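Examination of the molecular architecture
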Amino acid sequence: MTIIQAVQLRKILDSRGNPTVEVDMVTESGFGRAAAPSGASTGVYEAKVRPVDEAIDDAEQNLIPALIGLDAGDQAEFDQQLRSIDGTPDLSKIGANIAVALSLANAKAAASANGMDLYRYLGGAFIKETPFPLGNVIGGGAHAVDATDIQEFLVVPTGASDAEEAVFANAAVHRKVKELLIALGKGCGKGDEGAWAPHIDDITAFETVHQAVTAISDEMNITISMGIDVAASELWNDTHYHYKDADRTTEDQIAYIGELVDRYSLIYVEDPLREDDFEGFSDLTEAVGDRCLICGDDLFVTNTERIMQGIDIGSANAVLIKPNQVGTLTDTYEAVQMAHTHGMDTVMSHRSGETTDTTIAHLATAFGCIFLKTGVVGGERIAKLNELIRIEEQI
Ligand SMILES: O=C(O)[C@@H](CO)OP(=O)(O)O
Ligand SMILES: [Mg+2]
């Protein structure tokens, strides 16, 4: 049923118009398709992507033949094969883009051969809830030109009764933000992930999102909370965090983020400090971790060794999970397990360069992540949000 019979690789478009890899995997009675996403604000410790054309050529000659005949139902063995054929710690030989597309397609082929949806196949019989969507409504940083310094101003309807209501609440906030920006004379286009990308300072962005959240909370009668992804490595210039209106030392940055958490009741802060500053993260978590999730993205890069380093000194209370940062589903699963075992929450996340692949909605549900971070609008974002709604309907 699950013996791999054929694997096809192809180059497809991603949401930024760049090429990416898609894999079709066929087993005796199953089919799985998955595509690799890509980041703009990538962490330096992420697994390494290879240029698509050469990576596909190389894989067709040197990798795919070794995968034919393997059992897609044995995910750990499949991923181990990828790792041993690659032979590098960062998957730079076969390319993490090839690896992640193969690894996810393998799981989907196995699920399909078993006549199951991926979330059920991976999550088992006791899965009974989906995560809530966490989406950015204003953004800048590496995702838009001339917009905010902070990369993502996020919202999550923590008081919604289910994920479907939450998805629509986020969309309503996104619409309200547009209205408020136009009223400010700051009407604008969107960044890579569908968030508004106005030419405003960060505090104006906070105030605008806060106003939008308050209005929609009242209208829908649910609590909607705010969060941010600072993507601080992008602001760091060796000595300071460089904002358009200020330079902040690490101490200043920790104090500033702490103030923002209290001023805007932020429940989620991702990458408040640069990707090597485990200690700075720990100081911030100590200060506000009782009321806010401090989440490591570039800090942890979905890598168990780095997550363990953070656990040892209390760097964070949440881990961002991006399968393509680490390259295989087995490694992704182990990262989630390590986080949960140590009392940390996990947030499954899209990348800024995406396709209409919906796999992360299934993974987030199967793995018990608290949030699915995947934008609010835009075809490649709503593909995942709509899949979340379908999954919720089934469980
Ligand atoms: O920083 C992030 O969390 C991601 C997704 O929002 O951005 P990118 O994919 O560009 O790394
Ligand atoms: Mg991030």
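Just so we're clear, the structure is a prediction, and the values are computed from it rather than from any experiment. (Residues numbered from 1 in each chain as written. Chains lettered and ligands numbered in written order. Predicted model: local features only at pLDDT ≥ 70, side-chain atom pairs only at ≥ 80, totals over all residues.)

A few points about unusual backbone geometry
Note the cut-off: Runs of H or I in DSSP of at least four residues are treated as helices and runs of E of at least two as strands, each being numbered from the N terminus. Buried, partly exposed and exposed are defined by the number of other C-beta atoms within 10 Å of a residue's own C-beta, namely 20 or more, between the two limits, and 12 or fewer respectively, with C-beta atoms placed from the backbone.
Phi is positive for D238, close to 90°, though the residue is something other than glycine. Tracing the backbone through its elements, the reader meets D238 in the loop between β6 (225-229) and β7 (241-243). What makes D238 exposed here is the crowd of 6 C-beta atoms within 10 Å. Residues other than glycine seldom take positive phi values, yet S265 does so here, at roughly 45°. Note that S265 resides in the loop between α8 (250-263) and β9 (266-270).

Structural notes on the sheet that holds strand β10 (residues 293-296)
For clarity, the threshold we go by: What makes two strands pair is DSSP finding at least two bridges between them. Axes, fitted as lines to C-alpha atoms, cover a helix only where it is in contact. Angles between the N-to-C directions of the axes lie from 0 to 180 degrees. By definition, residue pairs are in contact when their C-beta atoms, positioned from the backbone, come within 7 Å.
One closed barrel accounts for 8 strands, arranged β4-β5-β6-β9-β10-β11-β12-β13; its pairing is mixed. Ignoring strand direction, the axes of neighbouring strands in this sheet form an average angle of 30°. Bridge count for strand β5 (residues 152-156) against β6 is 5 bridges, and the pairing is antiparallel. If you follow L154 over to β6, its bridge partner there is G227. Where helix α12 (residues 329-341) meets the sheet, its contacts fall on β11 (318-321) and β12 (345-349), and the angle it forms with β11 comes to roughly 170°.

Considerations on the domain arrangement of the protein
Our working rule: Each domain's limits were defined by an automated method or a database of domain assignments. Any residue that is not Ala, Val, Leu, Ile, Met, Phe, Trp, Tyr, Cys, Pro, Asp, Glu, Lys or Arg is counted as polar, Gly included; the first ten are nonpolar and the last four charged.
Split by domain assignment, the protein resolves into domain 1 (4-115) and domain 2 (132-394). Centre-to-centre, using C-alpha coordinates, domain 1 lies 27 Å away from domain 2. On the side of domain 2, 31 residues touch domain 1, which itself brings 32 residues to the contact. Among the elements of the structure, β3 (31-35), α3 (75-86) and α4 (96-113) are those that each provide at least two residues to the side of domain 1 that touches domain 2. If one sorts the elements of the side of domain 1 that touches domain 2 by residue count, α4 sits on top with 8 residues. For the side of domain 1 that touches domain 2, a count of residues per class yields 17 nonpolar, 10 polar and 5 charged.

A closer look at the pairing of β6
For β6, a buried count of 5 out of 5 residues is recorded, marking the element as mostly surrounded by other parts of the structure. What you see with β6 is no split at all: S225, G227 and D229 on one side and M226 and I228 on the other are buried throughout. Of the strand pairs in this sheet, β6 and β9 are connected by 4 bridges, and their pairing is parallel. Opposite D229, over in β9, you have E270 as the bridge partner.

Describing helix α10 (residues 304-313)
How we decide: By construction, the arc corresponds to the directions joining the helix axis to the C-beta atoms.
Those residues of α10 that sit buried are R306, I307 and G310. One side of α10 carries all its buried residues, which in axial view fall inside an arc of 100°. The exposed residues of α10 that point more than 90 degrees off its buried face are E305, M308 and D312. Elements in contact with the buried residues of α10: α9 (278-288), β10, β11 and α12. G314 sits one or two residues past α10 and shows a positive phi near 65°.

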